[in-house]
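Survey of secondary and tertiary structure
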Amino acid sequence: MLLSNLLIHRKTISRCRVYLLPIFLGLASPSNGQVAKPEGVREINGTKLFVKVFGRGEPLLVVHGGPGLNHTYFLPHLESLAENYTIILYDQRACGRSAIPSTDSLGLKFFVDDIDAIRKELGYEKINILGHSWGAIPVVRYGIDYPDKLKTMILCNPVSLSHEFDTEIAVIQKKRTTTSDSIERLGIVRSPEFKSGNPAAYEEIMKLAFRHSFATRSNSSKLQLELPENFLKANRALLTGLGKDLGRYDYHRAASKFSFPVLILHGQYDALPLKISQKIQSSIPRSKLMLFEKSGHFIFIEEPEKFREALATVIRQR
């Protein structure tokens, strides 16, 4: 399913768990930003990051899940937000169309500093930020390291801020995996495409894992994944660079000091148990938890209107 490490290694694919875990067309320059180009690779924080900007209004920086995915799975589902917000999408380092730096610059601190470097690059004093799935980890760390640069924080289907729910998540994943799923996965793993490292085969593996992360199973066909040709090379780098940081962490106590508004969105049918979002909500004083009863892990796909309404409750409209 999802949860635990979207990092995929050819030798561990059968037992890999996924976090998931945060794009678009069109652009209008934000009122207080400096968007020279709406889409492309930029030199940011010592590496090359792919950044895409569109829309108008309050800036909303979207952080994708993984680690190892990229911004494309938000397409086209967030396009309607451009009517009210300047949407900022990017591929994290060693993800998507961004460069693969040396492994010693793939620690979590670099991911966090990248967010602030993008903020500066676009000329914003403060930003609203949304982290989906595993993206909640760098987003929460950003709130810890750069609290004065945030207007609001939205955590969409967030992973746990510690490892205390890992066993429960594994049990949920196992229960949702059918015999048919196992047979289909085995067929993909044994295919020439998978053995040759074809990204399309890995996309199929991920889609299979995410299939049970929707309230309505047919909605899984709306999830689009686009992995780069260098996916395996990038994945190996992420495993090495992020491994230490993802081995042990607990951000609940540090998050309790947040003074900005925090909105937590949780899909009832998510494989991530509700108690994860509930604990995050109980840890952060100025936070609110909203439950999406007709969604799983991708609420912006299954309940887009309610998702947009939820954002409007915390982000000031211009």
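Residues numbered from 1 in each chain as written. Predicted model: local features only at pLDDT ≥ 70, side-chain atom pairs only at ≥ 80, totals over all residues. Heavy atoms only, no water.

1. Section: the sheet that holds strand β1 (residues 39–44)
The line we're drawing: Strand pairing is assigned whenever DSSP identifies at least 2 bridges connecting the two strands. Here a strand is any run of E in DSSP of at least two residues, a helix any run of H or I of at least four, and the numbering for each starts at the N terminus. Here, axes are lines fitted to C-alpha atoms. For helices the fit covers the stretch in contact, and angles between N-to-C directions go from 0 to 180 degrees. In this description, contact between two residues means that some pair of their heavy atoms is separated by no more than 4.5 Å.
Here we have eight strands laid out as an open sheet, ordered β1-β2-β4-β3-β5-β6-β7-β8, and mixed in their pairing. Strands with a single pairing partner mark the edges of an open sheet, and in this sheet they are β1 and β8 (287–292). Direction aside, the axes of adjacent strands within the sheet are offset by 25 degrees on average. As judged from the six bridges shared by β1 and strand β2 (residues 47–55), these two strands associate in the antiparallel manner. Bridge pairing links V41 to F50 in β2. Of the strands in this sheet, β1, β2, β3 (58–63), β4 (85–90) and β5 (127–132) are in contact with helix α1 (residues 108–121), which crosses β1 at around 110 degrees. Across the face of the sheet, helix α11 (residues 304–314) comes into contact with β3, β4, β5, β6 (150–156), β7 (262–267) and β8 while running at roughly 170 degrees to β8.

2. A look at the confidence of the model for the chain
Put simply, the rule is: Every residue is assigned a pLDDT by the predictor, reflecting its confidence on a scale from 0 to 100.
Per-residue pLDDT for the chain averages 89, and the proportion of residues at 70 or more is 88%. Counting interchain partners and residues more than four positions distant, the pLDDT-below-50 stretch residues 1–32 has 152 contacts.

3. Side note on the packing of aromatic side chains
Using the following cut-off: The rule is short: rings of Phe, Tyr and Trp, with Trp giving its six-membered ring, pair when the centres are within 6.5 Å, and they are stacked under 30 degrees, edge-to-face over 60, tilted in between. For every residue, the accessible area obtained with a 1.4 Å probe (protein chains only) is divided by the maximum for its type, and the residue is called buried under 20%, exposed over 50%, and partly exposed between those limits.
Considering all chains together, one arrives at 14 aromatic pairs under this definition. Taken together, a centroid distance of 5.0 Å and an interplanar angle of 25 degrees make the contact between Y142 and Y146 stacked. The class of Y142 is buried, set by a relative accessible area of 0%. An angle of 25 degrees between the planes, with centres 4.5 Å apart, marks the rings of F194 and Y202 as stacked. The burial state of F194 is the same as that of Y202; both residues are buried. Among the aromatic residues, those joined into a ring-pair cluster are Y73, F74, F210, F214, F298, F300 and F307.

4. Topic: α1
The cut-off we apply is this: Multiplying one less than the number of residues by 1.5 Å gives the expected span of a helix.
Taking 1.5 Å per residue, 14 residues should reach 20 Å; α1 reaches 20 Å between its end C-alpha atoms and fits that length. Restricting attention to buried positions, one finds in α1 the residues L108, F111, V112, D113, D114, I115, D116, A117, I118 and R119. At the exit of α1 stands G123, carrying a positive phi of roughly 80 degrees.

5. Description of the side chain of S295
Looking at the element boundaries, S295 is found in the loop between β8 and α10 (299–302). Dropping the residues within four chain positions of it, S295 is found in contact with A215, G267, Q268, Y269, D270, E302 and E303.

6. Overview of the nonpolar core
The nonpolar side chains of soluble globular proteins are, as a tendency, buried together. Defined as follows: Put simply, buried Ala, Val, Leu, Ile, Met, Phe, Trp, Tyr and Cys residues joined by side-chain atoms within 4.5 Å make one nonpolar core.
The biggest cluster of nonpolar side chains holds 50 residues, and the ones touching the most others in it are L61, I129, M153 and L155. Setting aside anything within four residues of it in sequence, one finds M153 in contact with I129, V139, V140, G143, F258, F260, P261, V262 and L263. Within the second largest apolar cluster, 40 residues are counted, among which are L60, L78, I87 and M206.

7. Examining the environment of F307
Structurally, the position occupied by F307 is in helix α11. Put simply, F307 and M290 are 17 residues apart on the chain and 9.8 Å apart in space, counted from C-alpha to C-alpha. Here F307 is in contact with L78, L81, L130, C156, L265, F292, I299 and F300, once residues within four sequence places are set aside.

8. Regarding the environment of V140
Topologically, V140 is positioned in helix α2 (residues 136–145). Of the residues examined, V140 reaches a relative accessible area of 0% and is grouped as buried. Spatially, the C-alpha atom of V140 lies 9.9 Å from that of I129, the residues being 11 residues apart in sequence.

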